[in-house]
Amino acid sequence: MEYILIGVWKAFGLILSLDREVFSITSLSLRVSAMATILASVAGMPLGFIIGTENFFGKRVLVTIFNTLMAFPTVVVGLLLYSFISRIGPLGSFGLLFTPWAMVIGQFILATPIIVALTISATQGIDPRVRLTALSMGANSLQTACTMLSEARFSLISAVVAGFGRVITEVGCALMVGGNIRGHTRTMTTAIALETAKGEFAFALALGFILLMAAFLVNILFHWLQEIRG
Amino acid sequence: MEKQLFTIEGLTKRYNGKTILDIPYLVIKKGLIYGVMGPNGSGKTTLLSILSLLDRSTSGRICFDGVEINGRGNDDSTLRRQMAMVLQNPFLLSSTVYKNVAYGLKIRRWKKKKQKQKIEECLDMVGLVGFERRKVHELSGGEAQRVAIARGIAVSPKVLFLDEPTANIDKSNMETLEKIIQELNDKYKTTIIFTTHDLRQAYHLADEIILLSEGKVSKILSRDELKDYP
Amino acid sequence: MKRLALLTFLFLFALLFFSQASAIERLRLSTTTSTENSGLLNVLLPPFEKLFNLKVDVIPVGTGKALKMAENGDVDVTLVHARSLEDRFVREGYGVNRRDLMYNDFVIIGPKSDPAGVRNAKDAPEAFKWVALKHATFISRGDNSGTYVKEMEIWKMTGNKPSGNWYLEAGKGMGMVLIMCNEKRAYTLTDRATYLALSGTQKIDLPVLFEGDPMLFNPYGIIAVNPARHPHVDYVKAMALIGWVTSRAGQKIIKEFGKDKFGKPLFVPVAVPNP
């Protein structure tokens, strides 16, 4: 119980004193996860839309695959990615291992299935009259797709938020391919893992609270975005 | 030939083994108001869908203002942009009245300033001045329908289709609607084609009435002839 | 208007993201979590970084993994404390120019009451033997860490493999294991540095019961990754680091480290014994 109280106290202390290291790891967490989520949305939404609206052979299998990928353990993704970008791996010459970009790629792999799966269900939930209305008003295929996606915007934003939530809290992958390098690839979650392993529970909790607050602020931002576009 | 908006030859529509439409010959003249009448299942809505390019015929030749349109279905947005359809339960995109009326213009890439002008004009015509910022879910049934009409006429279509426009509205709204249709036809010479159950209504508004029965045209009456009809 | 705001936001974001990729040279060092946790590197590396104008990326993982990463060429240099594994690493040609850097020691800690009488053991194997005999709870690292390797060496000397309900394999870092021991009032083998560091911030109610056996010395070695195996590694900078940490100046830092915080230094330098 003490840990929790000390943790909250420490959290405030760290924020108010604008602790540089805490600032740096929070900033890295947000940047990496935001970039990964943005890339995953750019890739995943059109894909989800196409799968959701078209009918093709093997569609159900594909949907099932994406739904399963959502539950992929983060450490496993980290391990697989590591084997690819390690020096002795096929993509070794790019020197990606232990860089923030490796973490972005890993989180991209984690976020995309979620965004695809949720976009598929959002698309299937669109009133069929939207498409009809768009077409009857003279929209071409691209414009029709945009109109349909716009009608589903609340669900789509939820999909993005879900994707972001999955990656900002993950540890296994970031640890594996980032290396938890102080000042370079140490994120909030990997720092928490480190401090916990050291036995520094109060500090770990403090970081945890800060992470919570950062995620909270991001969600508020999304909510605001929803408001102005609605 | 000049005055023909639609020329229909040998039109059939079959679905699941059933013949829904069978029209050997039909001409829709420019600048007139047509009422398509018939009991449920007579094929009224299907005819409208095919003429508005939202559905494909099984066979037959249709010319729209001199251009053959049969079999094109939804591929050709340029043709569809010359038409506008107001569905039975008009579907409005979830945002404001203004954005809905602007939809067709946005698709046609009108400049914002010109859009504003046109939208004001159309809202005035349907009697919804001042409704610009209203959210769609705040509207009554009659108001929603008028927004859908405003949306349709904003794009200055050559033909305006209305599917059962008076089916779900009360008397005062009905009168407003009739006024709008009349004004549209008088002022802009827009060809109007609507479907209805209500004979009195058809009599009131239409220049010509097409009677459909089991997919076939049983009779075409002009206004004068209607007077003699029981 | 909103579109403009969104674009500006994205632009600033992209700017922020990419600005962090600095052009400074980086040297990659894999080491153990306990080494990193001791805090020594935070004091030992900055002067080196300043001198050579580069940044050292320290990747703290388990001993096994640290060596594996060096084997794969994912790092330029490695610093671990598992002599047998290090020797094999060099023998198999993955590393070159190994230097003895420093040592600290392991201690056996346990409950104040000391049911196994570890206090009175004459050497480490005997202490372990008594713990096993008494079935006193003992928590092991259970991973491939240097501590675990040492623990296994000692068990081997007793002639018996530890097994039973009293022997718990945690599979966790040293800090966590110490906390577990505290909870369960158990014995364990720990490096002095982690123990001292943790005692500072937590209440570890377990005193040091046995120390001083030369077998418990925990020597650290630093090895450069063999450029013949991995041409891309920064061999020259790796050698510069090895040079620094085994130099008089570097060894002096090692000698002094921990004095102010714990009263006694945590490590003993061996490259230059009296810097």
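Residues numbered from 1 in each chain as written. Chains lettered and ligands numbered in written order. Predicted model: local features only at pLDDT ≥ 70, side-chain atom pairs only at ≥ 80, totals over all residues.

**Section: the overall build of chain C**
Then step 1. Counting its regular elements, chain C contains twelve helices and ten strands.
Then step 2. Once the C-alpha set of chain C is aligned to its principal axes, its extents read approximately 75 × 50 × 35 Å.
Then step 3. Considering chain C as a whole, with its 275 residues, one finds that 46% of them fall into the buried category.
Then step 4. Sequence-distant contacts, at least 24 apart, represent 76% of the contacts inside chain C between residues at least 6 apart. (Helix = DSSP H or I, 4+ residues; strand = E, 2+ residues; numbered from the N terminus. Buried ≥ 20, exposed ≤ 12 C-beta atoms within 10 Å, placed from the backbone. Contact = placed C-beta atoms within 7 Å.)

**Comments concerning the overall build of chain B**
Then step 1. Of the regular secondary structure elements, chain B holds eight helices and ten strands.
Then step 2. For chain B, the C-alpha radius of gyration of 17 Å lies close to 17 Å, the compact-globule estimate for 230 residues.
Then step 3. Counting only residues that meet the buried cut, chain B has 38% of its 230 residues in that class.
Then step 4. Counting only contacts in chain B whose residues sit at least 6 apart along the sequence, the fraction spanning at least 24 positions is 69%. (Rg over C-alpha atoms; globule rule 2.2 N^0.38 Å.)

**A look at the nonpolar core**
Taken as a class, soluble globular proteins show a tendency for nonpolar side chains to be buried jointly.
Then step 1. Counting residues in each nonpolar core, the largest one holds 138 residues, and the members touching the most others are Ala102, Ile115, Val177 and Leu207 of chain A together with Val77, Ile108 and Val131 of chain C.
Then step 2. Counting the residues that make up this core, at least three belong to each of domain 1 (25-104 + 218-269) and domain 2 (105-216) of chain C.
Then step 3. Setting aside its immediate chain neighbours within four residues, Leu207 of chain A contacts Met188, Ala191, Ile192 and Glu195 of chain A. (Core = buried A, V, L, I, M, F, W, Y, C linked by C-beta atoms within 7 Å. Domains from an automatic or database assignment.)

**A look at the interface of chain B and chain A**
Then step 1. Taken together, the 15 residues of chain B in the interface contact 13 residues of chain A.
Then step 2. Within the residue set of the side of chain B that touches chain A, elements represented by two or more residues are helix H2 (77-80) and helix H3 (97-107) of chain B.
Then step 3. The greatest single-element share of the side of chain B that touches chain A, amounting to three residues, is contributed by H3 of chain B.

**Quick word on the environment of Gly165 of chain A**
Then step 1. Residue position: Gly165 of chain A is located in helix H8 (residues 153-168).
Then step 2. Taking the C-alpha atoms as reference, Gly165 of chain A lies 8.9 Å from Ala111 of chain A; in sequence the two are 54 residues apart.

**Considerations on the pairing of strand S3 (residues 77-80) of chain C**
Residue and element names in this part refer to chain C.
Then step 1. With burial as the criterion, each face of S3 is covered, one bearing Val77 and Leu79 and the other bearing Thr78 and Val80.
Then step 2. As paired strands, strand S1 (residues 26-32) and S3 are joined by three bridges and run parallel to one another. Bridge assignment links Ser30 to a residue of S3, and that residue is Thr78.
Then step 3. Across four bridges, S3 lies against strand S9 (residues 217-225) in antiparallel orientation. (Pairing = 2+ DSSP bridges.)

**A few points about the sheet that holds strand S9 (residues 208-213) of chain B**
All names here are of chain B.
Then step 1. Taken together, the six strands give an open sheet; going across it, the order is S6-S7-S8-S3-S9-S10, and neighbouring strands pair in mixed fashion. The two strands at the open ends of the sheet, each matched to only one other strand, are strand S6 (83-86) and strand S10 (216-222). The average angle at which neighbouring strand axes cross in this sheet is 15°, direction not considered.
Then step 2. Sheet analysis places S9 next to S10, joined by six bridges and oriented antiparallel. From the neighbouring strand, Ile209 faces S10, where its bridge partner is Leu221. (Axes fitted to C-alpha atoms, helices over the stretch in contact; angles between N-to-C directions.)

**Regarding the interface of chain A and chain C**
Then step 1. Each side of the interface is counted separately: chain A has 18 residues, and chain C has 24 residues.
Then step 2. Only helix H2 (20-53) and helix H10 (188-198) of chain A provide two or more residues apiece to the side of chain A that touches chain C.
Then step 3. Of all the elements, H2 of chain A adds the most residues to the side of chain A that touches chain C, at three residues.
Then step 4. Looking at side-chain class alone, the side of chain A that touches chain C contains eight nonpolar, five polar and five charged residues. (Nonpolar A, V, L, I, M, F, W, Y, C, P; charged D, E, K, R; others polar.)

**Points about the sheet that holds strand S2 (residues 18-29) of chain B**
All names here are of chain B.
Then step 1. Taken in spatial order, the four strands line up as S2-S1-S4-S5 in an open sheet, and their pairing is antiparallel. Here the strands that pair on one side only, and so sit at the sheet edges, are S2 and strand S5 (67-68).
Then step 2. For strand S1 (residues 4-15) and S2, the ladder comprises ten bridges, and the chain directions are antiparallel. The partner of Ile8 across the bridge, within S2, is Leu26.

**Section: the confidence of the model for chain B**
Then step 1. Across chain B, the average pLDDT comes to 84, with 94% of residues at 70 or higher.
Then step 2. The element-level mean pLDDT for chain B is lowest in helix H8 (residues 223-228) of chain B, coming to 70, with strand S7 (residues 159-162) of chain B highest at 91. (pLDDT = per-residue confidence, 0-100.)

**Topic: the domain arrangement of chain C**
All names here are of chain C.
Then step 1. Assigned domains within chain C: domain 1 (25-104 + 218-269) and domain 2 (105-216).
Then step 2. At the junction of the two partners, domain 1 supplies 18 residues and domain 2 supplies 17 residues.
Then step 3. In terms of residue count, the dominant contributor to the side of domain 1 that touches domain 2 is helix H2 (residues 33-38) (four residues).
Then step 4. Classifying every residue of the side of domain 1 that touches domain 2 gives six nonpolar, twelve polar and no charged.

**Brief notes about helix H10 (residues 235-245) of chain C**
Residues and elements named next belong to chain C.
Then step 1. What H10 keeps buried is the set Lys237, Ala238, Leu241, Ile242 and Val245. Along H10, the residues classed as buried sweep out an arc of 145° about the axis, all on the same side.
Then step 2. Buried-residue contacts for H10 involve S1, helix H3 (40-52), S3, strand S4 (95-109), S9 and helix H11 (248-256). (Arc of directions from axis to C-beta.)

**Concerning the packing of H2 of chain A against H10 of chain A**
Residues and elements named next belong to chain A.
Then step 1. Here H2 crosses H10 at 130°, and the two axes come no closer than 8 Å. Taken together, the axis directions place H2 and H10 in an arrangement best described as oblique. Mapping the contact onto sequence places Ile25, Thr26 and Ser29 in H2 and Met188, Thr189 and Ala191 in H10.
Then step 2. Looking at the contact of H2 with H10 residue by residue, the classes come out as three nonpolar, three polar and no charged. (Parallel < 35°, antiparallel > 145°, perpendicular 65-115°, else oblique.)

**Quick look at helix H4 (residues 74-85) of chain A**
Then step 1. Its twelve residues give H4 of chain A an end-to-end C-alpha distance of 16 Å, which sits within 8% of 16 Å, the value for a rise of 1.5 Å per residue.
Then step 2. For H4 of chain A, the secondary structure elements touched by its buried residues are helix H5 (100-124) and helix H9 (172-178) of chain A. (Expected span 1.5 Å × (residues − 1).)

**Concerning the packing of H5 of chain A against H8 of chain A**
All names here are of chain A.
Then step 1. With their axes 8 Å apart at the nearest point, H5 and H8 run at an angle of 155° to one another. Comparing their axes, H8 and H5 come out roughly antiparallel. For H5 against H8, the interelement crossing comes out right-handed. Within the contact between the two elements, H5 uses Gln107, Leu110, Ala111, Ile114, Ile115, Leu118, Thr119 and Ala122 and H8 uses Ser155, Leu156, Ser158, Ala159, Val160, Ala162, Gly163, Arg166 and Val167.
Then step 2. Split by residue class, the contact of H5 with H8 holds eleven nonpolar, five polar and one charged. (Left-handed = near helix turned anticlockwise from the far one by under 90°.)

**Points about the confidence of the model for chain C**
Then step 1. On average, residues of chain C score 89 in pLDDT, and 95% of them are at 70 or above.
Then step 2. ipTM for the predicted complex: 0.77, alongside a pTM of 0.78.

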